[in-house]
Amino acid sequence: MEALNETLENSFILLGLTSVPYLQALCVLIFLIMFIITLSGNFLLIFMVLVNPQLQKPMYFFLSNLSVIDICFSSTIVPRLIVNTIAQDRSVSILGCATQMYLHLSLGATECLILAVMAYDRYAAICRPLEYNTIMNKNFCVYMAAGSWMFCFISSLIHVVFVFQLPYCRSHNINHFFCEMPPFLRLSCKDTWLNEIAMNVSAGLVAMCSFFLTLISYIHIISTVLRIRSTEGRRKAFSTCTSHLTVVSIYYSTIMFMYMRPGSAHYPDTDKTVSIIYTAVTPMLNPIIYSVRNKDVKSAIRKKIGRQMF
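The rules behind the values
- Residues numbered from 1 in each chain as written.
- Predicted model: local features only at pLDDT ≥ 70, side-chain atom pairs only at ≥ 80, totals over all residues.
- Heavy atoms only, no water.
- pLDDT = per-residue confidence, 0-100.
- Helix = DSSP H or I, 4+ residues; strand = E, 2+ residues; numbered from the N terminus.
- Disulfide = S-S within 2.5 Å.
- UniProt positions renumbered as here; feature names shortened; annotations may be inferred.
- Axes fitted to C-alpha atoms, helices over the stretch in contact; angles between N-to-C directions.
- Parallel < 35°, antiparallel > 145°, perpendicular 65-115°, else oblique.
- Left-handed = near helix turned anticlockwise from the far one by under 90°.
- Nonpolar A, V, L, I, M, F, W, Y, C, P; charged D, E, K, R; others polar.
- Core = buried A, V, L, I, M, F, W, Y, C linked by side-chain atoms within 4.5 Å.
- Buried < 20%, exposed > 50% of the residue type's maximum accessible area, 1.4 Å probe, protein only.
- 1 Å grid on protein atoms, 1.4 Å probe; cavity = no way out; pocket = protein on both sides within 12 Å on 5 of 7 lines; lining within 4 Å.
- Points joined across faces, edges and corners; volume = space filled by probe spheres on them.

## Side note on the confidence of the model for the chain
Point 1. On average, the chain scores 81 in pLDDT, and the residues at 70 or more come to 87%.
Point 2. Of all helices and strands in the chain, the one with the weakest mean pLDDT is helix α1 (residues 2–9) (44), whereas helix α5 (residues 132–135) scores best (91).

Pasting the structure below:
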């Protein structure tokens, strides 16, 4: 009994999405299919960018970064969800939980910054086409991508360290399907207002700054597009942005809803639903959205398939 208590003190129990057997089987099937689609779509997109000279552009460099994030993001959450749903033992060690939380926070924040940089890329392409190659040069793209990854992975480490310094004496049962910060804060027997403020400030700095940079970029883009006289010209100019706008709308709305609310406004079932959207659905949809709405990617895929067949 003492050994069991010690084990429970050094681990957490993920309660998952549901305890109903047939719903558990359905969840496993759905998430497995989504995970396979996510890996296939994003790996295909990365491969197409690497092997096609016509996709060797800044936009597709950042799109490859986005695909790497989506692969890692989904791989951090979904396999553990599937295993926990099937297994009788849903316990996860403190180290395992901290690692999952750290990767989830880091990758989520990095995606915000990469999406903002992609918006700036569209601004440079549409509003300053003659200077585009100078502005979006190779060094600038590499520095922006590397800076986004480094900043987010360093800042997220601080949050995770402080979260796991809290005493968890109320319960070790997490009413969630992965180790996410808001459910953890509700389990602590210590006042967590400082952690909540830090979380909201950090989310505000990353998400809101990225959002406003994206918004400013699109204000300039729209004003430039509206000055184009021909309807066809306006359609072509704005069509390069629709995929990015779709991804940004889905991702930012869920992230802000999850991390920029007061602690009293969090409800387990709602949090789970929102978390599913940005941890499993969005990584699956991103390559589909960019492939279906992007003529360069579609053309590259057709050519590659044509060569393989004939």
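## Section: the state of the cysteines
Point 1. Summed over all chains, the structure comprises one disulfide.
Point 2. Here Cys 97 is linked by a disulfide to Cys 179, with a sulfur-sulfur distance of 1.7 Å. Sign of the S-S torsion, about -90 degrees for the bond between Cys 97 and Cys 179, identifies this disulfide as left-handed. Of this pair, Cys 97 sits in helix α4 (residues 94–127) while Cys 179 sits in the loop between β3 (173–174) and α7 (181–187), and the two are 82 residues apart along the sequence.

## Describing the UniProt feature "transmembrane region" (unreviewed entry) in the chain
Point 1. Here, the residues flagged by UniProt with the feature "transmembrane region" (unreviewed entry) are residues 22–47, 59–82, 102–120, 140–164, 203–226, 238–260 and 272–292.
Point 2. Between the end C-alpha atoms of residues 59–82 the distance is 34 Å, and the span holds 100% helix and 0% strand.
Point 3. For residues 140–164, the end-to-end C-alpha separation is 37 Å, with 96% helix and 0% strand making up the annotated structure.

## Overview of the packing of helix α3 (residues 58–86) against α4
Point 1. Two elements in contact, α3 and α4, have axes whose closest approach is 9 Å; the angle formed by their N-to-C orientations is 160 degrees. For the element pair α3 / α4, the angle class is roughly antiparallel. The element α3 and its partner α4 pack so that their crossing is left-handed.
Point 2. Of the residues belonging to the contact of α3 with α4, the class tally is 15 nonpolar, six polar and five charged.

## Side note on the nonpolar core
Point 1. By size, the foremost hydrophobic cluster in this structure holds 51 residues, and its most contacted members are Phe 31, Phe 62, Leu 115 and Met 118.
Point 2. Those elements that provide at least two residues to this core are α2 (21–51), α3, α4, α5, α6 (138–163), α8 (193–226), α10 (242–259) and α11 (268–292).
Point 3. Among the elements that make up this core, the one with the highest residue count is α3 (11 residues).
Point 4. Val 92, Ile 174, Met 181 and Leu 187 belong to the second largest nonpolar core, which has 19 residues in total.

## Concerning empty space enclosed by the protein
Point 1. Taken as a whole and assessed by the stated rule, the structure comprises three cavities of 30 Å³ or more.
Point 2. Lining the second largest cavity are Leu 14, Leu 15, Gly 16, Leu 17, Thr 18, Leu 81, Asn 84, Thr 85, Arg 90 and Phe 177.
Point 3. By residue number, the principal contributor to the lining of the second largest cavity is α3, which donates three residues.

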